[in-house]
Amino acid sequence: QVQLVESGGDLVQPGESLRLSCAASGSIFSISIMGWYREAPGKQRELVAGITSAGSTNYADSVKGRFTISRDNVKNTVYLQMDSLKPEDTAVYYCNAVIRSTTMVTNLYWGQGTQVTVSS
């Protein structure tokens, strides 16, 4: 079995920073793409940032220059450093990953989500 566990969500004021973490565990052979999505109330889930196993990244236009995605391939963990947070960044943040298990089955996995609230 494979699971993703996120942490780091919190209530912060505009302009402050947060760092989210997402650790994959279980019967993992390899992980290719890892990413962060978010879902705000009344809105569809949207891609925030993604990163390949080689370190190539992509970002939503709304977070470019403020958010940084990174990963530790030894720890099977992906991070999202969020700076200069705005109220419109308020959402539940989910990580996902394309993981090949030790049985050579590849699936897309999602974490349970972590709440980020930006408010004064």
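Refer to the structure above for everything that follows.
Everything numeric in this text was worked out from a predicted model, so none of it was measured.

A. Structural detail: the overall build of the protein. In terms of helices and strands, the protein carries 0 helices and 11 strands. Reading the helices (α) and strands (β) of the protein from amino to carboxyl end gives β-β-β-β-β-β-β-β-β-β-β. Principal-axis analysis of the C-alpha atoms places the extent of the protein at approximately 50 × 25 × 25 Å. Within the protein, the proportion of its 120 residues that are buried is 39%.

B. Structural context of the pattern of salt bridges. Counted by the stated rule, this structure contains 5 salt bridges. Glu46 serves as the salt-bridge partner of Arg38, at 2.7 Å between the closest nitrogen and oxygen. As a salt-bridge pair, Asp89 and Arg38 come within 3.0 Å of each other at their nearest N and O atoms. You can see Asp89 sitting in the loop between strand 8 (77-82) and strand 9 (91-101) and its partner Arg38 sitting in strand 4 (residues 28-39), a full 51 residues away along the chain. Using a relative accessible area of 1% as the deciding quantity, one classes Asp89 as buried. One continuous salt-bridge network, built from bridges that share partners, spans Arg38, Glu46, Arg66 and Asp89.

C. Region of the structure containing the nonpolar core. Judged by nonpolar contacts, the single largest core of 31 residues is most densely connected at Trp36, Leu80, Met82, Tyr93 and Ile99. Breaking this core down by element, the ones donating at least two residues are strand 1 (2-7), strand 3 (18-26), strand 4, strand 5 (46-51), strand 7 (67-72), strand 8, strand 9 and strand 11 (114-118). With 5 residues, the single largest contributor to this core is strand 9. Setting aside chain neighbours within four positions, we find Ile99 in contact with Val2, Leu4, Ala24, Ile28, Ser30, Ile31, Val105, Thr106, Asn107 and Tyr109.

D. Representation of the sheet that holds strand 7 in the model. The 4 strands lie next to each other as 1-3-8-7, forming an open sheet whose pairing is antiparallel. Across the chains shown, the open sheet's two edge strands, defined by having one partner strand only, are strand 1 and strand 7. Going from strand to strand, the sheet's axes swing by 15° on average, the running direction of each strand aside. As paired elements, strand 7 and strand 8 share 6 bridges and run antiparallel to each other. Paired with Ile69 across the bridge in strand 8 is Leu80.

E. Looking closely at the side chain of Glu6. Tracing the sequence through the fold places Glu6 in strand 1. Notably, Glu6 is buried but unbridged: the nearest opposite-charge side chain belongs to Arg45, and the N-O separation is 7.6 Å. Here Cys95 takes part through its backbone nitrogen, which lies 2.7 Å from a polar atom of the side chain of Glu6. Only 2.5 Å separates the side chain of Glu6 from the backbone nitrogen of Gly113, close enough to count as a polar contact.

F. Region of the structure containing the environment of Tyr109. Here Tyr109 is to be found in strand 10 (residues 106-110). Tyr109 has contacts with Val2, Leu4, Cys95, Asn96, Ala97 and Ile99, leaving out every residue within four places of it along the chain.

Reading guide: rules and limits
The written sequence of each chain sets the order in which its residues are numbered from 1. Predicted model: local features are reported for residues with pLDDT of at least 70 only, side-chain atom pairs are reported and counted for 80 or more only, and whole-chain, interface and lining totals are derived from all residues. As a convention, hydrogens and water are excluded, and side-chain values are obtained from all of the structure's heavy atoms. What counts as a helix is a DSSP run of H or I of at least four residues, what counts as a strand is a run of E of at least two, and both are numbered from the N terminus. Relative accessible area decides the class of each residue, using a 1.4 Å probe on protein chains only: under 20% of the type maximum gives buried, over 50% gives exposed, and in between gives partly exposed. Counted as salt bridges are all cases of a side-chain nitrogen of Lys or Arg within 4 Å of a carboxyl oxygen of Asp or Glu. Among buried residues, those of type Ala, Val, Leu, Ile, Met, Phe, Trp, Tyr and Cys that are joined through side-chain atoms within 4.5 Å constitute a nonpolar core. For this analysis, residues touch if any pair of their heavy atoms sits within 4.5 Å. By definition, two strands form a pair when at least two bridges between them are found by DSSP. Interaxial angle, 0 to 180 degrees, is taken between N-to-C directions of lines fitted to C-alpha atoms, where a helix line uses only the stretch in contact. By the counting rule applied here, Lys and Arg register as positive and Asp and Glu as negative, while His and the ends of each chain are not counted. In protein, a polar contact requires one atom able to donate a hydrogen and another able to accept it; more generally it is a pair of N or O atoms within 3.5 Å, and residues adjacent in sequence count only if both atoms are side-chain atoms.

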